[in-house]
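Residue strings, one per chain:
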Amino acid sequence: MIASLAGQIPDGRLTRARPYRAPHHSASMAALIGGGLRAKPGEVSLAHLGVLFLDELPEFSRQALDSLRQPLETGQAVVARANAHLTYPARVQLVAAMNPCRCGHMDDAAMACARAPKCAGEYQARLSGPLLDRIDLTLDVPAVSAADLSAPPPREDSAAVAERVAAARSIQRERYRGSSIRTNAEADGERLDQVATPDDSGRDLLTRAAEAMHLTARGYHRILRVARTLADLDASDGVRRGHVAEALSYRRLAFVR
Amino acid sequence: MVARCRTVAFQGIEVMPVDVQVQLANGLPAFQVVGLADKAVAESRERVRGALGAIGLALPPRRITVNLAPADLPKEGSHYDLPIALALLAAMSVLPGDALDGYVALGELGLDGALGPVSGILPAALHAHGEDRGTICPHVQGGEAAWAGDATRVLAAPTLLALINHFKGTQVLLPPRARIAATCPTCATSRARTAPSGRSKSPRPARITCCSSARPAPASRCWRSVCRASCRRSIHPKSWK
């Protein structure tokens, strides 16, 4: 429907594929959220129920990135202008990639520039805390060596992974049947407590971690959602200590390594 | 006499009904559009004049006033060409007066009378279906409009002339078929690829992300039988939150 409004349906054929949008990092706030004189839907709305991929995250303007906070939280992009007050749906899965520092060789002392690691701190500080707080899974991906590239392919291919993902999703579909919630990511408040309360040792771990890691209230609930999803992947009924621990491990603490 | 044709205006993904009213009055020959029309809408006068000329009709030498009601709602976009032309044809008694009653019309006119694609056909068609009206749209977008519900009430015409012939009963338009793009994720198994070797350091979080948010779960059967219904459900405004 949003694609239709943006005039992006070629030959009147609808698609069943989820949208995938990867705007360039020069994108403005209006391009991401929507707006302009004509108040068109932005990238975050065009990626509704799909993936919004932001490559080179710190290169985006600070204003553009922080404007993503509200859509990520509510699943709606609200555009208020003098001549228009519009709401577009914007429930996206945000995937972002970035280099650790400007030269990109933080890992490798031989290659790193003279300003490491201070340069990395500055570079990573371009991302605001509240935005990072909305990112559930962070991961360091070390550089791939030439030897790795010639290694045999991994044992598990994407098709096998897709099957397990589908299984976990069907568990979630069954769980939220009859409500407006589709996945764990949308579960909130009471419903989240109901489905994602960990067992005793898990709760104990989470309480201690929340203090030690200075988790925000948002972060705390996001950990619960991730832990519930991990439990779904294991086809486990309850959320166990291991699931909570793994969810905590994907939370970003301090940024500079 | 005032001839009317229904069309829509978009505010975000909200669809607002717009009534196009055409009056032929006595006075100096003129053709004007009122009702907060922006530049693209105001220019539709020339396209309508050209399209009527292309099918051998001249504008009547009278004072032609086109009103887009409600008059305080800003109208933008090129999809007002077709409803203005249709209402004008009805006012000129080329079309029967009640022919346009059960329809919502959208489309851009070429100077040769061809209908070109416009944005927002799908929400407009859903709106029309909700109001128990049919949809008149350009031929290339018939497949999109047909998803809204009853495809037999969608008139997808390649030209203005084809539409006139349809209403006169000389050459009836065929209802379009709901169409879908070829890249159906459940059929496109070729998309599942093995990751490049050595890059296997990050699969698990990627997988969790897939599970906890918006990736499609492959259906067990192909879209031909099952997914049409689910597609239709997922595009309906009530189903997104």
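Reading the values: the criteria
- Residues numbered from 1 in each chain as written.
- Chains lettered and ligands numbered in written order.
- Predicted model: local features only at pLDDT ≥ 70, side-chain atom pairs only at ≥ 80, totals over all residues.
- Heavy atoms only, no water.
- Helix = DSSP H or I, 4+ residues; strand = E, 2+ residues; numbered from the N terminus.
- Buried < 20%, exposed > 50% of the residue type's maximum accessible area, 1.4 Å probe, protein only.
- Contact = heavy atoms within 4.5 Å.
- Areas by Shrake-Rupley, 256 points an atom, 1.4 Å probe, with all protein chains shown as cover.
- Domains from an automatic or database assignment.
- Buried area = accessible area lost by both parts, 1.4 Å probe.
- Salt bridge = Lys/Arg side-chain N within 4 Å of Asp/Glu carboxyl O.
- Polar contact = N/O pair within 3.5 Å; in protein donor to acceptor, adjacent residues only side chain to side chain.
- Nonpolar A, V, L, I, M, F, W, Y, C, P; charged D, E, K, R; others polar.
- pLDDT = per-residue confidence, 0-100.
- Core = buried A, V, L, I, M, F, W, Y, C linked by side-chain atoms within 4.5 Å.
- Pairing = 2+ DSSP bridges.
- Phe/Tyr/Trp six-rings, centres within 6.5 Å; stacked < 30°, edge-to-face > 60°.

For the rest of this paragraph, the subject is the overall build of chain B. Each helix and strand in chain B was counted, giving eight helices and nine strands. A burial count over chain B gives 49% of its 241 residues as buried. Here the analysis covers contacts within chain B between residues at least 6 apart in sequence; of these, 69% occur between residues at least 24 apart. About 11,100 Å² of surface is accessible on chain B, with carbon and sulfur atoms providing 53% of the total.

Right, let's get into the domain arrangement of chain A. Residue and element names in this part refer to chain A. According to the domain assignment, chain A consists of domain 1 (2-149) and domain 2 (158-249). Of note, the centres of domain 1 and domain 2, computed from C-alpha atoms alone, are 24 Å apart. In this assembly, ten residues from domain 1 lie in contact with eight residues from domain 2. Buried surface at the junction of domain 1 and domain 2, summed over both partners, amounts to about 810 Å²; 37% is from carbon and sulfur atoms. By the criterion of area lost to domain 2, the three top residues of domain 1 are Arg-91, Asp-133 and Asp-136, representing 53% of everything that side buries. Run the count over domain 1 and domain 2 and you get five salt bridges. Our count for the domain 1 to domain 2 interface comes out at five residue pairs in polar contact (both at pLDDT 80 or more). Residue assignment for the side of domain 1 that touches domain 2 shows that the elements contributing at least two residues are helix H5 (69-74) and helix H7 (129-133). In the side of domain 1 that touches domain 2, the residues fall into four nonpolar, no polar and six charged.

With an omega dihedral of 0°, the bond running from Ala69(B) to Pro70(B) counts as a cis peptide bond. A positive phi angle is found at Leu49(A), which is not glycine, with a value near 65°. Assignment of secondary structure puts Leu49(A) in the loop between helix H3 (43-46) and strand S4 (51-54). Judged by relative accessible area, which is 18%, Leu49(A) ranks as buried. Positive phi is not limited to glycine here, since Ser93(B) has a value of about 65°. Here Ser93(B) falls in the exposed class, since its relative accessible area comes to 55%.

Inspection of the secondary structure assignment puts Leu86(A) in strand S6 (residues 84-89). Along the primary structure Leu86(A) and Lys40(A) are separated by 46 residues, whereas in three dimensions their C-alpha atoms are 9.5 Å apart. Aside from chain neighbours lying at most four places away, what touches Leu86(A) is Ala39(A), Ala77(A), Val78(A), Val79(A), Gln11(B) and Gly12(B).

Let us look at the confidence of the model for chain B. Caution is warranted with low-pLDDT regions, since their predicted coordinates should not be read in detail. Residues and elements named next belong to chain B. Chain-level statistics for chain B give a pLDDT mean of 80 and a share of 75% at 70 or above. Counted against residues more than four places away or in other chains, residues 184-203, with its pLDDT under 50, gives 38 contacts. Counting contacts from residues 213-241, a segment whose pLDDT is below 50, to residues more than four positions away or on other chains yields 61 contacts. Confidence metrics for the complex model read pTM 0.76 and ipTM 0.72.

By size, the foremost hydrophobic cluster in this structure holds 45 residues, and its most contacted members are Leu86(B), Leu88(B), Ile136(B), Leu160(B), Leu163(B) and Phe167(B). Excluding its chain neighbours within four sequence positions, the residues that come into contact with Leu163(B) are Leu82(B), Leu86(B), Ile136(B), Leu155(B), Ala157(B) and Leu173(B). Core analysis: the second largest hydrophobic core is formed by 27 residues, Leu52(A), Leu57(A), Ala64(A) and Ala90(A) among them.

All names here are of chain B. When you line up the elements, His-79 lands in the loop between strand S4 (63-69) and helix H3 (81-91). The buried category is assigned to His-79, whose relative accessible area is 3%. At 2.8 Å, the side chain of His-79 forms a polar contact with the backbone oxygen of Val-8. Beyond its immediate stretch of four places on either side in the chain, His-79 contacts Thr-7, Val-8, Phe-10, Ala-105, Leu-106, Gly-107 and Val-118.

Residues and elements named next belong to chain B. Only one face of strand S3 (residues 30-34) is covered, namely the one carrying Phe-31 and Val-33; the face carrying Ala-30, Gln-32 and Val-34 has none of its residues buried. Here S3 pairs with S4 via five bridges, running parallel. Bridge pairing links Val-33 to Val-66 in S4.

On to the packing of aromatic side chains. Counted according to the given criterion, the structure contains two aromatic pairs over all chains. Here the aromatic rings of Tyr20(A) and Phe53(A) are separated by 6.4 Å at their centres, their planes lie at 20°, and the arrangement is stacked. In this pair, Tyr20(A) sits in strand S1 (residues 20-21) while Phe53(A) sits in strand S4, placing the two residues 33 residues apart along the sequence. Measuring from centroid to centroid gives 5.9 Å for Tyr103(B) and Phe167(B), while their planes differ by 75°, and the two rings are edge-to-face. Here Tyr103(B), found in strand S5 (residues 103-105), pairs with Phe167(B), found in helix H6 (residues 160-168); they are 64 residues apart in sequence, far enough to count as distant. An identical accessibility class is assigned to Tyr103(B) and Phe167(B); each is buried.

What follows concerns helix H4 (residues 121-130) of chain B. Residue and element names in this part refer to chain B. Within H4, eight of the ten residues are buried, which leaves it mostly tucked inside the rest of the structure. Looking only at H4, the buried set comprises Ile-121, Leu-122, Pro-123, Ala-124, Ala-125, Leu-126, His-127 and Ala-128. Count one or two residues on from H4 and you reach Asp-132, which has phi positive near 60°.

This next bit is on the pairing of strand S8 (residues 134-138) of chain B. On a regular strand, each side chain points to the face opposite its neighbour's, so the side chains alternate between the two faces of the sheet. All names here are of chain B. The buried count for S8 comes to five of five residues, which makes it a mostly enclosed element. One ladder, built from three bridges, connects S5 with S8; its direction is parallel. Residue pairing across strands places Val-104 opposite Thr-135, the latter belonging to S8. Bridge count between S8 and strand S9 (residues 154-157): four bridges; the pairing is parallel.

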